[in-house]
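# Architecture at a glance
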Amino acid sequence: MELHYLVYVFQLLPYLPHHQHGQIMDHMKKQYGGSLTQERLMLLKIHPYPKITARIDFKYSANQKSEMMRYISYYPTYDFRDESKNGFDGSFISTNLPDPKYDYEDDNGDGKDDELEAVSRDQWSISANTNYYVTSSFGVVNTTNDPKVSSYASISVAPIYPGGDYNTVAGTAELLGVFKYSQLSTPSSVSNREALVLNTEILADREYDKIKTKGDLENYKNNVNKRVERFKSNDDYQFVITLKNPMSIDSFYDLVSDYNLEVSELYARGIDSEKNIVTIGTKTIQPEVLESIQKEASYSFKGIIEIEGTAKGKDLKKIMKNDKVFAVEVQTEDQPAFGLYWKKETLNK
């Protein structure tokens, strides 16, 4: 079994007129589904600040899909890393993989995110011979030493404690490609990699994975909302708010102001040109970044779907009754908060 990757990068420069520039490059032949000989790289100017974008395109074979189904938990994971640790600052990430969860790492504690990671929590919904991609966006901070970004594929396991990260299974990380800032106009060299397969079953997010029907989702939502009612009014709590429908950025600002929310992370919904669902995530809650996400050319922005952060118990009790809010999950020592929009979206079809 082989998983084939195309890794490419392109640079978006500030203060240039909006334009498109195409570049043709050869694509490796795929052993299943025929051959794809060309992939066009588009250069688009829609951002008011210097940034780079790296993207991975890939497919799973039918055999790989069958292999995934053998395991309780098989979380395909893709990440981009600033190997220099001081050249770039992670801005946002998006993918059309099902039910993604994002992670942002500041490995050297300098306040900049040097790693962006996407984990699919729903391997059962991944389709064979389907085009998937993960796109990452980094702000350019320091190019003195020609910084480089690498991309990896791996398998993750569920967090071992509430609020923890999805952790890479030891020995599963595979390097897909590396590029330097000075080489952004050329594609990285890429080779075929063996598919990553676990030999033993691993535990999943039990409570989350048990949500299989609309009834399961409604019961779970009611239970987490009841927990909020028991919290102390003036204590601070970490929350994940799932909205009923995608919310505009202006309405998001109003919600934050009305309920005194300290926001640490957002998830948003987009639809790409192939009508695929795209999930966008960011921890950089700044107007220029949110505007960049809204104007991104690779998808049509629909709105914000989940909000993570900290708030007083009294404000969470109030927002739970807002007619735009689907559920309020609060993370405690024994209870994780997952975010429910993907479940709501897929189970209510």
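Residues numbered from 1 in each chain as written. Predicted model: local features only at pLDDT ≥ 70, side-chain atom pairs only at ≥ 80, totals over all residues. Heavy atoms only, no water.

## Examining the overall build of the protein
Going by this rule: Secondary structure elements follow DSSP: runs of H or I no shorter than four residues count as helices, runs of E no shorter than two count as strands, and numbering proceeds from the N terminus. Categorising residues by exposure relies on relative accessible area from a 1.4 Å probe, with only protein chains included: less than 20% of the type maximum marks a residue as buried, more than 50% marks it as exposed, and the intermediate range marks it as partly exposed. Two residues qualify as a contact provided that any one of their heavy atoms is within 4.5 Å of a heavy atom in the partner residue. Each accessible area value is a Shrake-Rupley result obtained with a 1.4 Å probe; residue values ignore everything except the protein chains displayed when judging cover.
Helix and strand counts for the protein stand at 7 helices and 18 strands. Here the protein holds 349 residues, and the buried ones make up 52% of them. Within the protein, contacts between residues at least 6 apart in sequence are counted, and of these 77% link residues at least 24 apart. Of the accessible surface of the protein, which amounts to about 15,900 Å², a share of 45% is contributed by carbon and sulfur atoms.

## A word on the nonpolar core
Put simply, the test is: Buried Ala, Val, Leu, Ile, Met, Phe, Trp, Tyr and Cys residues that are joined via side-chain atoms within 4.5 Å together make up what is termed a nonpolar core.
Membership of the largest hydrophobic core comes to 33 residues, with the highest contact counts inside it found for Ile241, Ile307, Leu316, Ile319 and Val328. Among the elements of the structure, β14 (236-247), α4 (249-259), β15 (262-271), β16 (277-282), α5 (287-295), β17 (300-312), α6 (313-319) and β18 (325-331) are those that each provide at least two residues to this core. The element contributing the most residues to this core is β14, with 5 residues. Excluding residues that lie within four positions of it along the chain, Ile319 makes contacts with Ile241, Leu255, Tyr259, Leu261, Val325 and Val328. Tyr74, Ile126, Val134 and Val157 belong to the second largest nonpolar core, which has 30 residues in total.

## Overview of the packing of aromatic side chains
Test applied: Any two rings among Phe, Tyr and Trp, with Trp reduced to its six-membered ring, count as a pair given centres within 6.5 Å; such a pair is stacked if its planes are under 30 degrees apart, edge-to-face if over 60, and tilted if neither. We call a charge positioned over a ring when the NZ of a Lys or the CZ of an Arg lies within 6 Å of the ring centre and within 35 degrees of the ring normal.
As enumerated under the stated definition, the model contains 10 aromatic pairs in all. Judged by centre distance (5.0 Å) and plane angle (40°), the rings of Tyr208 and Phe338 are tilted. Placement of the pair is Tyr208 in helix α2 (residues 206-209) and Phe338 in the loop between β18 and α7 (341-347), with a sequence separation of 130 residues. Grouped by ring-pair contacts, the aromatic residues Phe58, Tyr60, Tyr78 and Tyr132 constitute a single cluster. Above the face of the Tyr208 ring, Lys343 is positioned so that its terminal group lies 4.6 Å from the ring centre.

## With respect to the confidence of the model for the protein
Which entries qualify depends on this criterion: Within a predicted model, pLDDT stands for the predictor's per-residue confidence, ranging from 0 to 100.
In this model, the protein carries a mean pLDDT of 76, and residues with pLDDT of at least 70 account for 77%. Here strand β2 (residues 20-26) is the element of the protein with the lowest mean pLDDT, 24, and β17 is the one with the highest, 97. Confidence drops under pLDDT 50 across residues 1-49; counting only partners more than four residues distant or on other chains, this segment forms 142 contacts. The low-confidence segment residues 185-205 (pLDDT under 50) makes 66 contacts with residues lying over four places distant or belonging to another chain.

## Overview of the packing of α4 against α5
Think of two packed helices as two axes; the pair is described by the angle between the axes and how far apart they sit. Put simply, the test is: Between the N-to-C directions of two axes lies an angle of 0 to 180 degrees, each axis being a line fitted to C-alpha atoms and, for a helix, fitted only over the stretch in contact. Here the nonpolar group is Ala, Val, Leu, Ile, Met, Phe, Trp, Tyr, Cys and Pro; Asp, Glu, Lys and Arg are the charged ones; every other residue, Gly included, is treated as polar.
Packing of α4 against α5 brings their axes to within 11 Å, and their N-to-C directions diverge by 145°. Packed against α4, whose contacting residues are Ile249, Phe252 and Tyr253, the element α5 presents Pro287, Leu290 and Gln294 at the interface. Of the residues in the contact of α4 with α5, the class split is 5 nonpolar, 1 polar and no charged.

## Describing α4
Each α-helix winds once per 3.6 residues, and so residues spaced three or four apart point in a common direction. The condition that has to hold: Picture the helix axis, draw a direction to every C-beta atom, and the arc is the one those directions span.
The complete set of buried residues in α4 reads Ile249, Phe252, Leu255 and Tyr259. Down the axis of α4, the buried set is contained in an arc of 110°. They therefore lie on one face. Among the exposed residues of α4, those pointing more than 90 degrees away from its buried face are Asp250, Ser257 and Asp258. Positioned one or two residues after α4, Asn260 has a phi angle of 55°, which is positive.

## A look at the pairing of β16
Just so we agree on the cut-off: The pairing criterion is simple: DSSP has to find at least two bridges between the two strands.
Burial analysis of β16 places 5 of its 6 residues in the buried class, the great majority of the element. The turn linking β15 back onto β16 is made up of 5 residues, and Lys275 within it adopts a positive phi angle of 70°.

## Here's the deal with the pairing of strand β6 (residues 88-95)
Within β6, 7 of the 8 residues are buried, leaving the element largely enclosed by the surrounding structure. Where β6 and strand β9 (residues 132-140) come together, 7 bridges link them in antiparallel fashion. Bridging from a neighbouring strand, Ile93 pairs with Ser136 of β9. Across 4 bridges, the pairing between β6 and β16 is antiparallel. Its bridge partner lying in β16, Phe92 is registered against Thr282.

## Let's talk about the side chain of Lys101
Rules: Whenever a nitrogen or oxygen atom comes within 3.5 Å of another N or O atom, the pair is scored as a polar contact, on the condition that within protein one atom can donate a hydrogen and the other can accept it, and that pairs from neighbouring residues in sequence are kept only if both atoms are in side chains.
Mapped onto the elements, Lys101 comes out in strand β7 (residues 100-105). According to the relative accessible area criterion, Lys101 is buried, its value standing at 13%. One polar contact links Lys101 to Glu308, side chain to side chain, over a distance of 2.8 Å. Here Lys101 is in contact with Glu117, Ala118, Val119, Arg121, Tyr166, Tyr267, Glu308 and Phe338, once residues within four sequence places are set aside.

## A short note on α5
Taken residue by residue, α5 has Val289, Leu290, Ser292 and Ile293 as its buried positions. Down the axis, α5 shows its buried residues gathered within 155° of arc, on one side only. Among the structural elements, β4 (51-59), β6, α4, β15, β16 and β17 are those in contact with the buried residues of α5.

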